[in-house]
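Residue-level listing of the chains:
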Amino acid sequence: MSKKNHQNTQLVSSGRKKAYTHGVVNPVVQRASTIVFDTVADLKQAAKTRGDKTLFYGRRGTTTHFALQEAITELENGAGCALYPCGAAAISQALLAFLKTGDHILMVDNVYEPTRDFCDKILAGLGITTTYYPPTIGSQIKQYIKPNTKVLFLESPGSITMEIQDVPAMVKVANKHNIMTMLDNTYGNGLHYRPLEHGVDISIQAATKYIVGHSDVMMGVAVANEKYWPQLREQSYLLGQCTSADDAYLALRGLRTMAVRLNQHEKAAIEVAKWLEKHELVDHIRHPAFESCPGHAFFKRDFDGSNGLFSFVMKTGSQKAIDAFLDSLTHFKMGFSWGGFESLVTANLTMKGLRSNTGWEHGPVIRLHIGLEDIDDLIADLAQALNIYQKNL
Ligand SMILES: *Cc1c(COP(=O)(O)O)cnc(C)c1O
């Protein structure tokens, strides 16, 4: 039986033990800094098992956090899940948990911009070097490996230009050289892609996006396999990473409806992308489910579905045309944190500053997040805005 057929059941049931819910439907919100102990024996017992869903100290979480950690661990099929105050923290802290001065990391060239900035501005200052590799490199990643390479970091599909990576081929090379692998799985979200099932050691998500799903909480998660979970957990605590019980509760609430939301985001985005594909101003579509997206074959092989996020590349453009286009949209608001119920748009005239290894030979890139509005309204909005784009070229 494929896991896919049980995902709705899992999303509804996970993290709902009686110890967390106290007999109601949802886990209770347990806010705490101090955990109090009545006897020395109780304190000793808690200290001994403190890494393992046991109340010990507020920073190590309460039952609300344990419920969310359990649900996300099941979603990503891992050994354990660490919580962080946002996706950027999950990325930076997962890296810091395993790197030391003198180490080298391999980073995909279309990575989320703040991840790139973390490498160039923070890791570089700690004496940890980064090499950016082309997203389509596959097993040729071996050319980039150095004796001190410690981590291979992947993001698939990558930010904005959406190339999909040949993850199993790359993991195979990394394993051979004793290099650990981490993947930013914010797009794949555990429902449509589970990196640990493809050999990746740590899967990271901005839960801010589809898990929370309502654009009202910042949250990051990192799920590790058996081998790396103890170190990820302990180092994250030492680095002071924790989240509020209220935010953990909202993330759990978002999780319950994630599959039905994603189905609608996916259906609507494909319809809008098909419409855009035929538009005379559009060069090609960067949607993982479309053949025009680099790495589409890996998407077909490894993913169970897509979602509301995709980009399209214009044949020609100018900053004036882009600005007029953006200003004329009504349902698509300009904003970066996708994954909520609402449609969003961002645009880049060039990829300058966003990649350093690979070039960009194409026109401007417009990225959309297709929300839960009616599809006809979204298409009508894009149609009028593309007319304005043309008039301002
Ligand atoms: C949004 C995003 C992040 C960062 O998440 P925050 O919660 O906003 O810090 C990381 N990676 C990707 C791919 C994202 O889209």
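For clarity, every value in this text was computed on a predicted model and none was experimentally measured.

### Here's the deal with the overall build of the protein
- Along the backbone of the protein there are 13 helices and 12 strands.
- A globule of 393 residues ought to have a C-alpha radius of gyration of about 21 Å, and the protein, at 22 Å, matches this closely.
- Over its C-alpha atoms, taken along the principal directions, the protein stretches across nearly 75 × 50 × 40 Å.
- Going through the 393 residues of the protein one by one, you find that 58% of them count as buried.
- Taking the intrachain contacts of the protein between residues at least 6 apart in sequence as the baseline, contacts between residues at least 24 apart amount to 74%.
- Of the accessible surface of the protein, which amounts to about 16,600 Å², a share of 53% is contributed by carbon and sulfur atoms.
- Between the averaged position of the 40 positive side-chain charges in the protein and that of its 39 negative side-chain charges there is a distance of 6 Å.

### Quick look at the nonpolar core
- Counting 83 residues, the largest nonpolar core has Leu 95, Tyr 133, Met 182, Ile 202 and Leu 232 as the members making the most contacts within it.
- When residues in this core are grouped by element, the largest group, 6 residues, is from helix α4 (residues 63-76).
- Membership of the second largest hydrophobic core comes to 29 residues, among which are Ala 321, Leu 326, Leu 329 and Tyr 389.

### Considerations on helix α9 (residues 245-256)
- The first and last C-alpha atoms of α9 sit 17 Å apart over 12 residues, in line with the 16 Å expected at 1.5 Å per residue.
- Residues of α9 that are buried: Ala 245, Ala 248, Tyr 249, Ala 251, Leu 252, Gly 254, Leu 255 and Arg 256.
- Check the buried side of α9 and you find it contacts α1 (7-13), α4 and α10 (258-277).

### Side note on unusual backbone geometry
- Cis geometry is found at the peptide bond from Ser 156 to Pro 157, where omega equals -10°.
- Within the secondary structure layout, Pro 157 lies in the loop between β4 (149-155) and α7 (167-176).
- Despite not being glycine, Ile 160 has its phi angle at roughly 70°, a positive value.
- Mapped onto the fold, Ile 160 is located in the loop between β4 and α7.
- Of note, Asn 178 is a non-glycine position whose phi angle comes to about 60°, a positive value.
- Assignment of secondary structure puts Asn 178 in the loop between α7 and β5 (180-184).
- For Asn 178, a relative accessible area of 66% puts it in the exposed group.

Reading guide: rules and limits
Along every chain, residues carry numbers that run from 1 in the direction the sequence is written. Restriction of local features to residues with pLDDT of at least 70 applies here, the model being predicted, together with a cutoff of 80 or more for giving and counting side-chain atom pairs; totals for whole chains, interfaces and linings are based on all residues. Computation of side-chain values covers all heavy atoms of the structure but excludes hydrogens and water. Going along the chain from the N terminus, every DSSP run of H or I of four or more residues is numbered as a helix, and every run of E of two or more is numbered as a strand. The globule rule used for comparison is 2.2 Å times the number of residues to the exponent 0.38, while the radius of gyration itself is calculated over C-alpha atoms. Exposed residues in this analysis have more than 50% of their type's maximum accessible area, buried residues have under 20%, and partly exposed residues fall in between, with area computed by a 1.4 Å probe over protein chains only. Here a residue-residue contact requires only that any non-hydrogen atoms of the pair lie within 4.5 Å. Calculation of accessible area relied on Shrake-Rupley with a 1.4 Å probe; when residues are assessed, cover is drawn exclusively from the protein chains displayed. When charges are counted, Lys and Arg are positive and Asp and Glu negative, with His and the chain ends excluded. In plain terms, the charge of a residue is placed at NZ if it is Lys, CZ if Arg, CG if Asp and CD if Glu. Put simply, buried Ala, Val, Leu, Ile, Met, Phe, Trp, Tyr and Cys residues joined by side-chain atoms within 4.5 Å make one nonpolar core. Under the convention used throughout, the expected extent of a helix is 1.5 Å for every residue step, that is, one less than its residue count.

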